[in-house]
Amino acid sequence: MAQVNLRQVTKVYENFVAVKAVNIDVHDKEFIVLVGPSGCGKSTILRMIAGLEDISSGDLLIDGRVVNNIPPKDRDIAMVFQNYALYPHMTVYDNMAFGLKLRNFPKADIDRRVKEAAEILDISFLLHRKPKALSGGQRQRVAVGRAIVRKPKVFLFDEPLSNLDAKLRVQMRTEIAKLHSRLESTMVYVTHDQVEAMTMGDRIVVLRDGLVQQIDTPINLYNQPVNKFVAGFIGSPAMNFVEGRLLKKDRLFFHSDAFSLAIPETRAKKLESFRDKKMTLGIRPEHLHYVLPGSNEKGQISAQIDVIETMGNETVLYVRVGKNTLVARISPHFELHVGLKCQLKIDQDKIHFFDQDKNTIN
Ligand code: ATP
C-alpha cells in the first residue's frame, strides 16, 4: 500500500507563493501526472513529496502518516530526475547499486536486485559501462533502474523524458507505463507535455500558477474541462476559442463577429440565464468539419484557408473566420489549396461555453 495525500500544501519562497493550498490524493498503485506550463509549481510539489523541499504549510501524508518532517532517506521514495544524475566515474552496475550500498544491503541482495532491474529494463549488457559510453535513452534507463532496485513505496519522476529525441520519448513513454503495471507501484510523474500526461496518467492534475485547476482522468479532462485554461491546455492542436455573446431571437444564438450559431435545444435551458452576456465558444479542431461545395447543410460558416498541414492520416487546416484564426482537423482526402474560400460546419453537440470568468458553463 502506498497512498500519498497533500492537504492544503503551500510553498512560499521568500515572498513568492509557488504552491497554493494544494489538495491531491494519490491512490495506491495509481499513476498520477502533474502537468502545467513552466513555473506552475509541479516540480516544487514533487520535491516536497520527496522531502527535498520544506513544506511552508499544510500536511503531506504517505500511507496515512504525516511526513512533513521526515528526511528524504526515510520516506521510502525514489526519484528519477530530468538530468538522470548518474555518477560519471561509476559503472552502470555501481550506479544502480549505490543507493543500496549506502543503506547497507547485503552484497548478494544488491547483486540480485541490480541484475533483476537490468533485466526488466533490458540493460543487462551495459552493466560494466560508464555513463559516458551510453546513449541518452540508455542513461535514462539506468536512472530508472537505480530507482527500481530500491523497491520504494512511491516513484517520483521529474520530466524524465525531456532530454530524449521525439521517437525515443514515445518509446520510453510506453516502457514507463509498462513498468508501472509490472511493478504495481504508486507513481507521481511531472511533465509540461500534455500528450505525455494524457497517454500515461491514470489521472492528471492540471496546475496553473501554483493552483490546482482540475484533477481527473484524461478523457474527462478532454471532454469536460472545468475552465478555459484546462480546455486550452489539454488537446493538440488546442481548442479554438471564439469571443461572442448569447442572443435570443426565435431561439438562443451564439453571436460572434463572423457567424451566428444556433444553440442546440439540449443546451439552451442552462444557457438561457447567460442571455445577452459575453462568453467564449470553444470548439475542438476535430469538431470543425469541412463541407463539400454545393452542400445545403444548415449551420455552415464561411472560412478562408491560410495554412494546410498535411499529416498523411489527416489534414490540419488553419482558416480565417472573421477576425479569428481557427484550426480544423479534417480528412486528408479533400483537394484544397491556400487562399480557398470554403464552408465549415461546427459539430454543435460537442461545443463548449465559458463565462466571463473563464469557467465552463455546463
Ligand atoms: P518548469 O516546468 O519550468 O520546471 P515548474 O512547474 O516545475 O516549472 P517550479 O520549478 O515548481 O515550476 O517553480 C514554481 C515557481 O517557484 C516558479 O515561479 C519558480 O521561479 C519559483 N521557484 C522555484 N524554486 C525557487 C526558489 N528556490 N526560490 C524562489 N523561487 C523559486
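In what follows, the accompanying structure is described. What you see is a predicted model; the values in this text were computed from it and never measured.

Our next topic: the sheet that holds strand β17 (residues 315-321). The 5 strands are arranged β15-β19-β16-β17-β18 in an open sheet whose pairing can be described as antiparallel. Across the chains shown, the open sheet's two edge strands, defined by having one partner strand only, are β15 (288-291) and β18 (324-330). Taking the axes of each pair of neighbouring strands and ignoring which way they run, one obtains an average angle of 50° across the sheet.

Turning our eyes to something else, we now look at the layout of surface pockets. Taken as a whole, the largest pocket spans an internal volume of roughly 560 Å³. Forming the boundary of the largest pocket are 20 residues, of which Ile 77, Met 79, Phe 81, Arg 103 and Arg 150 lie nearest the centre. At the level of elements, β6 (77-80), α2 (92-102) and α4 (136-148) are the ones that each hand at least two residues to the lining of the largest pocket. Of the residues belonging to the lining of the largest pocket, the class tally is 13 nonpolar, 2 polar and 5 charged.

So, on to the sheet that holds strand β21 (residues 360-361). Pairing in this open sheet of 6 strands is antiparallel, and the strands run β13-β12-β11-β14-β20-β21 from one edge to the other. The open sheet is flanked by β13 (260-262) and β21, the only strands paired with a single partner.

Another point: the pairing of strand β8 (residues 186-191). Counting buried residues in β8 gives 6 out of 6 residues, a clear majority hidden from the surface. Because side chains alternate across β8, one face comprises the buried residues Thr 186, Val 188 and Val 190, and the other comprises Met 187, Tyr 189 and Thr 191, equally buried. With 5 bridges joining them, strand β3 (residues 31-35) and β8 adopt parallel strand pairing. Bridge assignment links Leu 34 to a residue of β8, and that residue is Val 190. Judged from the 5 bridges that link them, strand β7 (residues 154-158) and β8 form a sheet pairing that is parallel. Each bridged residue has a counterpart across the sheet, and for Val 154 the counterpart in β8 is Thr 186. Crossover connection from β7 via helix α5 (residues 166-183) to parallel β8: handedness right-handed.

The tally for this structure, following the rule as stated, stands at 23 salt bridges. Salt-bridge contacts for Asp 74 lead to Lys 73; the nearest nitrogen and oxygen are separated by 3.4 Å. Residue Lys 73 is classed as exposed on the basis of its relative accessible area, which comes to 56%. Linking Lys 350 and Asp 347 is a salt bridge whose minimum nitrogen-to-oxygen distance equals 3.9 Å. Among the charged side chains, a network of salt bridges with common partners joins Asp 109, Arg 112, Arg 113, Glu 116 and Lys 151.

With that settled, the discussion passes to the packing of aromatic side chains. For the structure shown, the criterion picks out 9 aromatic pairs. Consider the rings of Tyr 87 and Phe 98, whose centres lie 4.9 Å apart with planes at 65°: the pair is edge-to-face. With Tyr 87 in the loop between β6 and α2 and Phe 98 in helix α2, this pair connects stretches of sequence that are 11 residues apart. Relative to Phe 233, the ring of Phe 229 lies with its centre 5.7 Å away and its plane at 15°, an arrangement referred to as stacked. Separated by 4 residues within a single helix, Phe 229 and Phe 233 lie in helix α8 (residues 228-233), roughly one turn from each other.

To continue, consider the site of the ligand. Near the ligand the following residues occur: Tyr 13, Phe 16, Ala 18, Pro 37, Ser 38, Gly 39, Cys 40, Gly 41, Lys 42, Ser 43, Thr 44 and Glu 159. One of the backbone N or O atoms of Gly 39 is found 2.8 Å from an oxygen atom in the ligand. Contacts to the ligand include Ser 43, whose side-chain N or O atom sits 2.7 Å from an oxygen atom. For the ligand, the protein covers 59% of the area, taking 630 Å² as the surface of the free molecule. Elements with a contribution of two residues or more to the shell around the ligand: β2 (16-26) and α1 (42-50). Here the element with the most residues in the shell around the ligand is α1; it accounts for 3 residues. Looking at side-chain class alone, the shell around the ligand contains 5 nonpolar, 5 polar and 2 charged residues.

Formed by 45 residues in total, the largest nonpolar core has its most connected members in Met 96, Phe 157, Tyr 189 and Val 206. Sequence-distant contacts of Met 96, defined by excluding residues within four places in its chain, comprise Val 114, Ala 117, Ala 118, Ile 123, Leu 127, Val 142, Gly 145, Arg 146 and Val 149. Within the second largest apolar cluster, 30 residues are counted, among which are Phe 254, Leu 261, Ile 301 and Val 319.

This paragraph deals with the environment of Val 22. Relative to the assigned elements, Val 22 resides in strand β2. Classification of Val 22 as buried rests on a relative accessible area of 1%. For the pair Val 22 and Ala 262, spaced 240 residues apart in sequence, the C-alpha separation works out to 40 Å. When sequence neighbours within four positions are dropped, the list of residues in contact with Val 22 reads Leu 6, Arg 7, Gln 8, Val 9, Ile 45, Gly 210 and Val 212.

Within α1, 7 of the 9 residues are buried, which leaves the element mostly enclosed by the surrounding structure. Listing the buried residues of α1 in full gives Lys 42, Thr 44, Ile 45, Leu 46, Met 48, Ile 49 and Ala 50. One or two steps after α1, the chain reaches Gly 51, where phi turns positive at roughly 90°.

The rules behind the values
Residues numbered from 1 in each chain as written. Predicted model: local features only at pLDDT ≥ 70, side-chain atom pairs only at ≥ 80, totals over all residues. Heavy atoms only, no water. Pairing = 2+ DSSP bridges. Helix = DSSP H or I, 4+ residues; strand = E, 2+ residues; numbered from the N terminus. Axes fitted to C-alpha atoms, helices over the stretch in contact; angles between N-to-C directions. 1 Å grid on protein atoms, 1.4 Å probe; cavity = no way out; pocket = protein on both sides within 12 Å on 5 of 7 lines; lining within 4 Å. Points joined across faces, edges and corners; volume = space filled by probe spheres on them. Nonpolar A, V, L, I, M, F, W, Y, C, P; charged D, E, K, R; others polar. Buried < 20%, exposed > 50% of the residue type's maximum accessible area, 1.4 Å probe, protein only. Right-handed = clockwise from strand over helix to strand, strands pointing away. Salt bridge = Lys/Arg side-chain N within 4 Å of Asp/Glu carboxyl O. Phe/Tyr/Trp six-rings, centres within 6.5 Å; stacked < 30°, edge-to-face > 60°. Near = heavy atom within 4 Å. Polar contact = N/O pair within 3.5 Å; in protein donor to acceptor, adjacent residues only side chain to side chain. Areas by Shrake-Rupley, 256 points an atom, 1.4 Å probe, with all protein chains shown as cover. Core = buried A, V, L, I, M, F, W, Y, C linked by side-chain atoms within 4.5 Å. Contact = heavy atoms within 4.5 Å.

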